[in-house]
Amino acid sequence: AAPRGRSSAECRLSMLMFAHLASAAFIASRSALLPTPATHPSAAATAGTRACVATAPRRGGEAVMAGMPLPAGSLVALATPMTSTGEVDIATLRELLRWHKAEGTDGVVILGTTGEASTLTSAEKEEVMAATREEVGGEMAILVGTGTISTEATIAATKQAKLFGADAALVVTPYYVKPSQAGLVAHFTRIADAVELPIVLYNVPGRTGVDMSVETTVSLSRHPRICGLKDATGDNTRAAPMRASRRAMRVCSRDAPRSRGRLREIRRAVCGDDFRLYSGEDAAAREYVLQGGDGVISVTANVAPAAVAAVMASGRAGDAAAALAADGPLMALHRDLFCEANPIPVKWALHKMGRMGEGIRSPLSPLGVAFQPRVAGALQQAGCIASEEGASAAAGSVGWPSRDLLLQGHLFDQGLINQALDIIEKQNGDFEILAFSVQPNDQNSEFNFRRTSSVSLRVFGVDASALEDITRRLRALVDVLESAEGSLTILPAKAAAPPA
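Residues numbered from 1 in each chain as written. Predicted model: local features only at pLDDT ≥ 70, side-chain atom pairs only at ≥ 80, totals over all residues. Heavy atoms only, no water.

1. Points about helix 11 (residues 282-290)
In an α-helix, one full turn covers 3.6 residues, which means residues spaced three or four apart are oriented alike. The line we're drawing: Categorising residues by exposure relies on relative accessible area from a 1.4 Å probe, with only protein chains included: less than 20% of the type maximum marks a residue as buried, more than 50% marks it as exposed, and the intermediate range marks it as partly exposed. By definition, any uninterrupted DSSP run of H or I lasting at least four residues is a helix, any uninterrupted run of E lasting at least two residues is a strand, and each is numbered from the N terminus.
The buried fraction of helix 11 is high, at 7 of 9 residues. Buried residues of helix 11: Asp282, Ala284, Ala285, Arg286, Tyr288, Val289 and Leu290, and no others. Directly after helix 11, the chain includes glycine 292, whose backbone phi takes a positive value near 125°.

2. Section: the pairing of strand 2 (residues 107-110)
Put simply, the rule is: In this analysis, strands are considered paired if DSSP registers two or more bridges between them. Orient the strands so they point away from the viewer; a crossover is then right-handed if the path from the first strand over the helix to the second runs clockwise.
Where burial is concerned, the two faces of strand 2 agree: the one with Gly107 and Val109 and the one with Val108 and Ile110 are both buried. Bridge count between strand 1 (residues 73-77) and strand 2: 3 bridges; the pairing is parallel. Across the sheet, leucine 75 pairs through a bridge with glycine 107, a residue of strand 2. Each parallel crossover has a hand, and for strand 1 linked through helix 3 (residues 90-103) to strand 2 it is right-handed. Note: strand 2 against strand 3 (residues 141-145), 4 bridges, orientation parallel. Across the sheet, residue glycine 107 finds its bridge partner in strand 3, namely alanine 141. This β-α-β element, strand 2 to helix 4 (residues 122-136) to strand 3, shows right-handed connectivity.

3. Some points on the sheet that holds strand 5 (residues 199-203)
The test is simple: A fitted line through C-alpha atoms represents every axis, and for helices the fit uses only the stretch in contact; the resulting angles, taken between N-to-C directions, go from 0 to 180 degrees.
Strand order in the closed barrel formed by 8 strands is 1-2-3-4-5-6-7-8, with parallel pairing between adjacent strands. Direction aside, the axes of adjacent strands within the sheet are offset by 25° on average. In this structure, strand 3 lies alongside strand 4 (residues 168-172), joined through 3 bridges in parallel fashion. Bridging across to strand 4, leucine 143 finds its partner in alanine 168.

4. What about helix 17 (residues 416-426)?
Counting buried residues along helix 17, 8 of its 11 residues qualify, which places the element largely inside the surrounding structure. If you check which residues of helix 17 are buried, you get Leu416, Ile417, Asn418, Ala420, Leu421, Ile423, Ile424 and Glu425. A positive phi of about 60° marks asparagine 428, the residue just after helix 17.

5. Quick look at the packing of helix 12 (residues 305-316) against helix 13 (residues 320-327)
What counts is decided by this rule: Orientation labels follow simple angle bins: below 35 degrees gives roughly parallel, above 145 gives roughly antiparallel, 65 to 115 gives roughly perpendicular, and whatever is left gives oblique. Each crossing gets its hand from how the near helix is turned against the far one by less than a right angle, where anticlockwise is left-handed and clockwise is right-handed. The contact rule is simple, with two residues in contact once any of their heavy atoms fall within 4.5 Å. Three categories are distinguished: nonpolar for Ala, Val, Leu, Ile, Met, Phe, Trp, Tyr, Cys and Pro, charged for Asp, Glu, Lys and Arg, and polar for the others, with Gly belonging to the last.
Close contact between helix 12 and helix 13 brings their axes to 7 Å; oriented N to C, the two are set at 165°. Considering the angle they form, helix 12 stands roughly antiparallel to helix 13. Considering the relative orientation of helix 12 and helix 13, their crossing is left-handed. For the pair helix 12 and helix 13, contact is made by Ala310, Val311, Ser314 and Gly315 and by Ala322, Ala323, Ala326 and Asp327, respectively. For the contact of helix 12 with helix 13, the per-class residue count stands at 5 nonpolar, 2 polar and 1 charged.

Take a look at the structure:
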């Protein structure tokens, strides 16, 4: 059986690059530096209100915008259907949208990374926006990805999205150029000032190379048109505080199950009840919502929309057991839809399900043959497709022997963490990241690689011998990378959390 662990270093970084801000105490200690709502560059004219949001009474706790409400729950990061020759398939797009509406998806995000927006022409983008508006406008919230590397180009794209009936724009941090936090504030403020359309910030450091800090997010949340955040850092500690005092965080951390409501109160007091927090990591979304988030912008929802919606509904209700039960069958999808760069696996999966053609645009290419059984097995496990007649379902790592390991040291120095995960995968193993802890960043503008960190892994081997071999190789890696000052400990059962 093929292993189900992610093979993309990019996906791992998306989960782990949050390290330099993961300490709640560190962030809370700097909260006094944030500007007050009255001193925000755009606050004077609006007196702290969201002029483009509060245009109708609040309904069911939803943040009300000029168009559709910005919803809680499951928003699908929609893949753009293409024919085998790479042409945008508008008829199939319409069918997908109708399916999502019937399956209970709460909102749709078009022209994002999953939608291959960077490969589409302006005319094709207009077609996608127009068809989406015609099919679900007024029934599902429509968010359009408009972020680019340029502030002016982003403003132009956001104006176009408004013209085509978008309910909000999803704006990614500028990629490649690595702006400072002050640069990010200026960038997003100019966009929000220039276009009368709600803005959802998008923080995905694994792709862009820049991490928007919690302080920056809170500051921007005070702009009347900046109404939400898609958080693809993998750091669930960001959802709850947004920003809490040290004492409140300590109290909540000691009694997490009973303090989730308190965490929501703390977060609302800082960002406001109408500021949406969406997870951008499917594997982390359930816990993100349980810790105070509002929902997910999901890749997995492309193939399992009703199931993802059910996970989010249970999480929003605070029912951790029901959320886990609904999320369990999706775990393999959360991993394997990123076994190659998004949206390669999810487009193959949708084609496998008969939902769209096999088209994908260069420089991306179809899913590698070696990964296809893995994704097919994940689809079967989630009930998205039936097992092929005469063939056994791909079991992945279910039933494999496992061992919990604690890896400590300077995990980012010399790429220790990525090399460790590579060893597991190259030996046909699998892994789950159970917990992560890191010392706070001691540099204001740079990523400090040499900080003590801890990650708890559940490692799977195809058999007991393979598991022993993986463990031996990991110990050898720790010994070789002396500068990382690493250590590897086999944990007893139910001792997965790293020390605080």
